[in-house]
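As a plain string of letters, each chain reads:
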Amino acid sequence: MSAPASGPALPAETVAGLIRRAFSNRSFLVGFVITVLVAAMALLSFVWTPYDVTLLPVENRMQTPSAAHWLGTDHFGRDILSMIMVGARTSLAIALLAVTVAMGIGVPLGCWAAARGGIVDEVLMRFNDLVFAFPALLSAIMITAIFGPGAVNAIIAIGIFNIPVFARVSRAGALALWPREFILAARAAGKGRTLITVEHILPNIANLLLVQGTIQFALGILADAGLAYIGLGAQPPMPSWGRMLFDAQTRMMVAPHLALFPGFAIVITVLGLNLLGDGLADILDPKLRRRQ
């Protein structure tokens, strides 16, 4: 009598265990809730906002929070809550696309450096060091100043700086795996370096990349806010959290709510993503899983 098949049970148990650990981890749970709420607010802004942010009802300018305008109005009479909702989709989209560009270029470069070694690895890592020698925001400012302000150039600028980050993380993770027995067995079976990287290296460093991607996503939102604040990010009439802070800086004494609410949105979003990243690092850490 043959034993019942048990292959599918392990993945199901593993997924169930990950979900259970995820929602018992306080950092992950808080970060997940904040991130989902901000993302939901951004998505909702595509179909509904309390007021139309393209209109300029100057008769309502500089109103404090009230039943009609929960977060008040700005110097053009626009509803601040509506501006924050639309600004959320701008900031999230720019940061997400920038991280996607960086990951799409940096991960293959890092894996290639780890697989090839020698002069290829040395040249790529020295180039990484050269990029890291310049402060992130300064590099982004330089790129957007050369090519002009705008959302697309902000994505390119933030993405270019993040390429070395993902290249380093993927290279470090891949280098730790290449001497392992299952990689040696794959090489003995005749698999090439590219196939080994795709089939064995990338799946085993996916957790590192996921955690790093979450952290860089948070930093991308900060970078976008910084670029918009100095006029090099998304341009009017597209609302942006950083641009809202710039417009509010000369009116802090008479209308502090103009800066308070967009600043609070940036802080909460970045905090949520950082907590989410910390929680993911704990949940996906194989040493922690073995202890549990």
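As a reminder, the structure under discussion sits directly above these lines.
Residues numbered from 1 in each chain as written. Predicted model: local features only at pLDDT ≥ 70, side-chain atom pairs only at ≥ 80, totals over all residues. Heavy atoms only, no water.

*Asks:* Could you clarify how one ought to interpret the nonpolar core in this entry?
*Replies:* Soluble globular proteins: nonpolar side chains tend toward being buried together. By size, the foremost hydrophobic cluster in this structure holds 46 residues, and its most contacted members are Ile84, Trp178, Ile201, Phe217, Ile221 and Trp241. Counting residues per element, the ones that place at least two in this core are α2 (26–44), α3 (80–116), α6 (151–177), α7 (181–188), α8 (193–229), α9 (241–248) and α10 (257–284). Ranked by residues supplied to this core, first place goes to α3 with 15 residues. Ala98, Ile143, Ala157 and Leu227 belong to the second-largest nonpolar core, a separate cluster that totals twelve residues. (Core = buried A, V, L, I, M, F, W, Y, C linked by side-chain atoms within 4.5 Å. Buried < 20%, exposed > 50% of the residue type's maximum accessible area, 1.4 Å probe, protein only. Helix = DSSP H or I, 4+ residues; strand = E, 2+ residues; numbered from the N terminus.)

*Asks:* What is the right way to look at the packing of helix α4 (residues 118–132) against α6 in this model?
*Replies:* Helix-helix packing is characterised by the crossing angle of the two axes and by the distance between the axes. Between α4 and α6, the shortest axis-to-axis distance is 9 Å and the interhelical angle comes to 135°. What the angle tells us is that α4 and α6 run oblique. Remark: the crossing between α4 and α6 carries left-handed chirality. Each of Asp121, Met125, Asn128, Asp129, Val131 and Phe132 in α4 lies in contact with α6, whose residues at this interface are Phe161, Pro164, Val165, Ala167, Arg168 and Arg171. (Axes fitted to C-alpha atoms, helices over the stretch in contact; angles between N-to-C directions. Parallel < 35°, antiparallel > 145°, perpendicular 65-115°, else oblique. Left-handed = near helix turned anticlockwise from the far one by under 90°. Contact = heavy atoms within 4.5 Å.)

*Asks:* How do you make sense of α9 when you look at a structure like this?
*Replies:* Count 3.6 residues to each turn of an α-helix, and residues three or four apart come out pointing the same way. Those residues of α9 that sit buried are Trp241, Gly242, Met244, Asp247 and Ala248. The inward-facing, buried residues of α9 contact α2, α3, α8 and α10.

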